[in-house]
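# Structural overview
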Amino acid sequence: MIITGEENCMYLHSFSVHPKYRGQGVTHILFDFFDKISKDDGYDVQSLVAVQNSERFWMKYGFESVRQISYGNAQAVYMTRTSK
């Protein structure tokens, strides 16, 4: 991949919620904040790597699978979504 400086994608590198706080809407609040920053900064696309079988979770947020990748010693899925 060649970086041209004209890329228009914000990458979410790491996202997790402590088990104690799951099911309390924290995920939605944090993702909405990521989404707002992405849009405010003018990015048209958001991307992430779904690990630990989280692909179905991210599909609920509108992400689509792009391709399977190796991530360390495990398989993962590179996913993107177009900002709305």
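Here, every reference points to the structure presented above.
Residues numbered from 1 in each chain as written. Predicted model: local features only at pLDDT ≥ 70, side-chain atom pairs only at ≥ 80, totals over all residues. Heavy atoms only, no water.

Moving on, we get to the sheet that holds strand β2 (residues 45–50). Ordered by their spatial adjacency, 4 strands build an open sheet running β1-β2-β4-β3, and the pairing between neighbours is mixed. Only two strands of the sheet have a single neighbouring strand rather than two, namely β1 (9–12) and β3 (64–71). On average, adjacent strands in this sheet sit at an angle of 25° to one another, irrespective of strand direction. By the bridge criterion, 7 bridges tie β3 to strand β4 (residues 74–82) in an arrangement that is antiparallel. The residue of β4 that forms the bridge with Arg67 is Tyr78. (Pairing = 2+ DSSP bridges. Helix = DSSP H or I, 4+ residues; strand = E, 2+ residues; numbered from the N terminus. Axes fitted to C-alpha atoms, helices over the stretch in contact; angles between N-to-C directions.)

Of note, the phi angle at Gln52 is positive, near 55°, even though the residue is not glycine. A residue is classified by how much of its surface remains accessible, and Gln52, at 76% relative accessible area, is exposed. Despite not being glycine, Asn53 shows a phi value in the positive range, around 60°. With a relative accessible area of 81%, Asn53 lands in the exposed category. (Buried < 20%, exposed > 50% of the residue type's maximum accessible area, 1.4 Å probe, protein only.)

Let's shift gears to the packing of aromatic side chains. Applying the stated criterion across every chain, the model contains 9 aromatic pairs. Summarising the aromatic geometry, the rings of Phe31 and Tyr61 are spaced 4.6 Å apart at their centres and angled 50° between planes, so their arrangement reads as tilted. Highlighted residues: Phe31 in helix α1 (residues 26–40) and Tyr61 in the loop between α2 (55–59) and β3, separated in sequence by 30 residues. By relative accessible area, Phe31 is classed as buried at 2%. Arranged with centres 5.9 Å apart and planes meeting at 50°, the rings of Trp58 and Tyr61 form a pair that is tilted. (Phe/Tyr/Trp six-rings, centres within 6.5 Å; stacked < 30°, edge-to-face > 60°.)

Met10, Leu12, Phe31, Phe34, Leu48, Ala50, Trp58, Tyr61, Phe63, Val77 and Met79 together form the largest nonpolar core, which totals 11 residues. Listing elements by their share of this core, those giving two or more residues are β1, α1, β2 and β4. Dropping the residues within four chain positions of it, Met10 is found in contact with Phe34, Ile37, Ser38, Asp41, Tyr43, Val45, Gln46 and Ser47. (Core = buried A, V, L, I, M, F, W, Y, C linked by side-chain atoms within 4.5 Å. Contact = heavy atoms within 4.5 Å.)

Bringing the pairing of β3 into the picture now. By the criterion of burial, β3 is predominantly exposed, with just 0 of the 8 residues buried. If you look at the hairpin formed by β3 and β4, you'll find 2 residues sitting between the two strands, and Gly72 has a positive phi there, around 70°.

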